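Listed here are the chains, written in short residue letters.
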Amino acid sequence: MKERVLTGYRPTGKLHLGHWFGNLQNMLALQDQYDAFYFVADWHALTSEWQNPADIARYTEEMVLDWVAAGLDPERCVIYRQSDIPEVAELLLYFNMVTPMSWLERTPSYKEQQQQISDKDLSNVGFFTYPALQTADIVIMEANLVPVGEDQLPHIELGREIVRRFNNTYDAGKRGLVEPKALLAKSGDKDAGARVPGSDGRKMSKSYGNAIFISDSPDEIRKKAMGFMTDPARMQLSDPGDPDICVLHQVHKLVGDPTAIETWEECCRNASCGCVPHKKEFAEDLITYLADFQAKRVELDQRPGFAREVLEAGAAKARPIAQATIERCRSLVGLA
Ligand code: TRP
């Protein structure tokens, strides 16, 4: 029996290269190695977008289309939507009983987001219990492995503590809930878990305005490529550059042909090529790299109801598992 991995993403916007290399390539690799469960976390989106939820449903469907066009296969992994599994909400309720408020107050991401995000009201209870909801997502499907980036580790650790407390309180020697573990992308995996810089060198992010979206048209890509930072010390063509600190080059490496990449490194170091042609080639390489995906994505867009079908089929596979877990919880808690 394969081990079960599970991960989810909030449908709050279009996917960019940071998601593509940081998460999606890893999800693709895992769908064959594991019993993989991938879900769209629309309730998690609601914790921060509750005043403005209009786009969540659309982004949910777009996320499904992006996933499938990128190569996730609904026959080989389970793709579903969080809110189609109401048992998750019931499990959250039990978790809310055993979770001390101080554990949630201490979560680093909670404090950070509260401080950093000023255009949204995050002082609601729903956002406060975000990590407990995330734990319910994982535990309801009895997943033992959660592929996450390092920034999510505190959430997984907190989740393990919640499960332990639940089991200690109610288990009394019976089969308790499964304690999840983080599955960090191996550094040797090609591209998996890669941190992708945006045009300004900071982590690629929609809110920094430095992102290339995987749905960007060739012309948008060409325009954005021109805005990428290169080695700032290289003012003129005759200045030798350092490709290791060239932001453009870091992203080009992910999509370019390895021999061509080496050539760009050499000519940058010995000042025999300019950054503008490098940007142009990067743009063309990225356009080629994304072409198959984008063609498939357009094709799926023309199939009305396709995303809904994928989500319904996924929910049909996920719900029996969720129902079995929740039955067990009710009996562990002593309500059934
Ligand atoms: N917190 C994750 C994010 O913001 C989304 C998420 C919700 C998740 N539930 C999860 C990830 C369960 C892994 C497992 O992207």
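Q: Would you explain the packing of aromatic side chains in this entry?
A: The relative placement of two aromatic rings is captured by the distance of their centres and the angle of their planes. For the structure on display, the rule yields twelve aromatic pairs. Three or more aromatic residues joined by ring pairs make a cluster, and in this case those are Trp20, Phe21, Tyr289 and Phe293.

Q: Where do I start with the site of the ligand in this structure?
A: The full set close to the ligand counts 14 residues, and Arg10, His44, Tyr130, Gln134 and Asp137 are the nearest of them. In the model, a nitrogen atom of the ligand is placed 2.8 Å from a nitrogen or oxygen of the Tyr130 side chain. Counting residues per element, the ones that place at least two in the shell around the ligand are strand S1 (4–9) and helix H8 (130–140). Split by residue class, the shell around the ligand holds seven nonpolar, five polar and two charged.

Q: Can you walk me through the packing of helix H4 (residues 87–98) against helix H14 (residues 306–333) in this structure?
A: How two helices sit against one another is set out by the angle between their axes and by the gap between those axes. Remark: H4 packs on H14, axes separated minimally by 9 Å, with the N-to-C direction vectors making an angle of 25°. Considered as vectors, H4 and H14 are oriented roughly parallel to each other. Handedness of the H4/H14 crossing: left-handed. Seen from H4, the contacting residues are Glu87, Glu90, Leu91 and Tyr94; seen from H14, they are Arg319, Ala322, Gln323, Ile326, Cys329, Arg330 and Val333. Along the lines of polarity and charge, the residues of the contact of H4 with H14 split into six nonpolar, one polar and four charged.

Q: I would appreciate a short explanation of the environment of Glu3 in the present structure.
A: By the secondary structure assignment, Glu3 is in the segment before S1. Contacts of Glu3, omitting those with residues within four sequence positions, involve Tyr34, Asp35, Asn144 and Leu145. Among the polar contacts listed, one links the side chain of Glu3 to the side chain of Asn144, at a separation of 3.1 Å.

Here is what the cut-offs are and how they apply
As a convention, each chain's residues are numbered from 1 in the sequence order in which they are written. Where totals are concerned, whole chains, interfaces and linings use all residues; where local detail is concerned, this predicted model gives features only for residues with pLDDT of at least 70, and gives and counts side-chain atom pairs only at 80 or more. The side-chain numbers reported here are obtained from all heavy atoms of the structure, hydrogens and water having been left aside. Here the aromatic set is Phe, Tyr and Trp, taking the six-membered ring for Trp, and pairing holds for ring centres within 6.5 Å; pairs whose planes are under 30 degrees apart are stacked, those over 60 apart are edge-to-face, and all others are tilted. For this description, a residue counts as near a given molecule or strand if any of its non-hydrogen atoms is within 4 Å of it. Two N or O atoms count as a polar contact when they lie within 3.5 Å, although within protein this holds only if one can serve as hydrogen donor and the other as acceptor, and sequence-adjacent residues are included solely when both atoms are side-chain atoms. Numbering of helices and strands runs from the N terminus, with a helix taken as a DSSP run of H or I at least four residues long and a strand as a DSSP run of E at least two residues long. Residue polarity follows a fixed list, in which Ala, Val, Leu, Ile, Met, Phe, Trp, Tyr, Cys and Pro are nonpolar, Asp, Glu, Lys and Arg are charged, and the others, Gly among them, are polar. Geometry is summarised by axes, namely lines fitted to C-alpha atoms with helices restricted to the contacting stretch, and by angles between N-to-C directions that run from 0 to 180 degrees. Angles below 35 degrees are treated as roughly parallel, those above 145 as roughly antiparallel, those between 65 and 115 as roughly perpendicular, and all remaining angles as oblique. Crossing handedness is read from the near helix: turned anticlockwise from the far helix by less than a right angle, it gives a left-handed crossing, and turned clockwise, a right-handed one. Any two residues whose heavy atoms approach within 4.5 Å are treated as being in contact.

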